[in-house]
Amino acid sequence: MRIIAHLDMDAFFAAVEERDHPGLKGLPIVVGADPAGGRGRGVVSTANYAARKYGIHSALPISTAWRLAERAKARGEPETVFLGVNYRRYREVSERIMALVRRRSPLVEEAGIDEVYFDLSFASSFEKAAEICRELKKEIRERENLTASVGLAPNKLVAKIASDFRKPDGLTVVTPEEAEAFLEPLAVRKIPGIGPKTENRLAKEGIRLVRDLKRFSREELQLRFGKWGPELYDRLRGRHEAPLQEEYEPKSVGEQETFGEDTGDLNLIFETLLGMCGGVWKRMRSEGFLTFRTVVVTVRFADFDTHSRSHTLAAATGSFDRLRFTAMKLLMPFLDRRENPRRKLLRLIGVRVEKLEK
Ligand code: TTP
Ligand code: MG
């Protein structure tokens, strides 16, 4: 019997900041771009639970977060603290937490800076595995003064959904017998692989819950979703065999930047792109990668219309010039008639390298 755990830190970046600044304890905290008094143009990385009560969450424009915070203040609620992103600090904390997990499991997959899968099959019962998870949570609380939420299940799919089920500071155990019934009342969006677009499309037909989508046969799902249909059929029933992958490799390294104001200034755009290529290249190297094969450029226009274009090279390369040149070539069409006939101004650009190798 497989017993898989998924651990996800609660409000991670914000929780680290709250812990490191005792004066902020209990206050609403937003970590992300500079709000610049409501004129800031980036996004929220994360918000603690006190700030989430105001409706602030990850990926929200920082200006909107600012407005929500001002509104709360006007109602007489506590003032929100806005902080910049201290990525290196979160990385250090993450590494120590991953080490605590590794002490308890022989097979660990780091899935992101604040989440990790680990195999507890050796415990041979869900009760014993739950005990290990309670101890781990206690140790994280005592040593790091942070809380985590954990899901225990027969596979990665259900474990991940379970860790999200009772946040913050939750522990949710879903045995193999319970897995299928556990998923039924959940929103279809909870199934990894179902994104916002699919969610919307299904909602138009009145399909909102996993239970609703289970009415379709494997063949019907295949007709609708193509190759992914049969896989989805199994996922809806809590079946998922994917093994844990020891080596966590970032799939990509990228940066993006929102301009101080929407711009059509070619010098500024090229300079920004070059600067980002430099940053991406250095970070790729510092994470131990020597080569990339794919370059992706993202452009967001002033009206938020967002596009990405990618190019995969015939062979892997570590050349900075190649990165610069490819990124430039991908960006050009957005600056002229080809991809930008109405000459819209640019709000944001991003560069990413993928297919990395050590
Ligand atoms: P999450 O685990 O998605 O979020 P969280 O830990 O802040 O909150 P929760 O309690 O719901 O788990 O992401 C982990 C960290 O990754 C988060 O603290 C900040 C960062 N992040 C971003 O920078 N941008 C994003 O859009 C998201 C979702 C996360
Ligand atoms: Mg988290």
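Here, the structure is the one placed above.
The text that follows walks through the structure, step by step, so that each part is easy to find. Every residue gets a number counted from 1 within its own chain, in the order that chain's sequence is written. Naming scheme: in the order in which they are written, chains are lettered from A and ligands are numbered from 1. Local features in this predicted model are restricted to residues of pLDDT 70 or higher, and side-chain atom pairs are both shown and tallied only at a pLDDT of 80 or more, whereas totals for entire chains, interfaces and linings draw on every residue. The basis for the side-chain values is all heavy atoms of the structure; hydrogens and waters are excluded.

Taken together, 13 residues lie near ligand 1, and Ala11, Thr46, Tyr49, Arg52 and Asp114 sit nearest. Within the backbone of phenylalanine 13, one N or O atom sits 3.0 Å away from an oxygen atom of ligand 1. Out of a free accessible area of 550 Å², ligand 1 has 68% covered by protein chains. Numbering goes from the N terminus for both helices and strands, where a helix is a DSSP run of H or I of at least four residues and a strand is a run of E of at least two. At the level of elements, strand 1 (4-9), helix 1 (12-20), strand 3 (44-47) and helix 2 (49-52) are the ones that each hand at least two residues to the shell around ligand 1. All amino acids are sorted into three groups, where Ala, Val, Leu, Ile, Met, Phe, Trp, Tyr, Cys and Pro are nonpolar, Asp, Glu, Lys and Arg are charged, and the leftover types, Gly among them, are polar. Here the residues of the shell around ligand 1 sort into five nonpolar, three polar and five charged. An automatic or database domain assignment is the source of the domain bounds shown. Both domain 1 (4-9 + 92-177) and domain 2 (14-83) contribute no fewer than three residues apiece to the shell around ligand 1. For this purpose, a residue is taken to be near a molecule or strand whenever a single non-hydrogen atom of the residue falls within 4 Å of it. Nitrogen and oxygen atoms within 3.5 Å of one another constitute a polar contact, given that in protein one can donate a hydrogen and the other can accept it, and given that sequence-neighbouring residues count only through two side-chain atoms. Working definition of accessibility: Shrake-Rupley area with a 1.4 Å probe, residue cover restricted to the visible protein chains.

Our focus in this paragraph is the sheet that holds strand 1. Sheet strands pair by backbone hydrogen bonding; their relative direction is either parallel or antiparallel. Pairing between strands is defined by DSSP: at least two bridges between them are needed. Strand order across the open sheet formed by five strands is 5-6-1-7-8, with mixed pairing between neighbours. With partners counted over all chains shown, the strands left at the sheet margins are strand 5 (108-112) and strand 8 (171-173), one partner each. The average angle at which neighbouring strand axes cross in this sheet is 15°, direction not considered. Here helix 4 (residues 87-102) sits on the sheet and contacts strand 1, strand 5 and strand 6 (115-119); the angle it forms with strand 5, its principal contact strand, is near 155°. For this analysis, residues touch if any pair of their heavy atoms sits within 4.5 Å. Comment: axis = line fitted to C-alpha atoms, over the contacting stretch for helices; angle = value between 0 and 180 degrees taken between N-to-C directions. Helix-sheet contacts for helix 5 (residues 126-144) involve strand 1, strand 6, strand 7 (148-153) and strand 8, and the interaxial angle to strand 7 is about 165°.

Reference geometry at the metal: tetrahedral coordination by four donors gives ideal angles of 109.5 degrees; octahedral coordination by six donors gives 90 or 180 degrees. Note: metal donors comprise N, O and S atoms at 2.8 Å or less from the metal (3.2 Å for Na, K and Ca); water molecules are not included, so apparent gaps in a site are possible. Bound to the magnesium ion (ligand 2) on the protein side are Asp8 (OD), Met9 (O) and Asp114 (OD), at distances that span 2.0 to 2.2 Å. What the six donor atoms of the magnesium ion (ligand 2) show is an angle range of 82 to 177° at the metal, which sorts the shape as octahedral. Taken in chain order, the donor set of the magnesium ion (ligand 2) reads D-M-x104-D. Of this pair, aspartate 8 sits in strand 1 while aspartate 114 sits in the loop between strand 5 and strand 6, placing them 106 residues apart in sequence. Square planar and octahedral assignments, for four and six donors respectively, both demand that opposite donors be over 155 degrees apart and that all other angles lie between 65 and 115; tetrahedral needs four donors with all angles between 85 and 135 degrees, and anything else is irregular.

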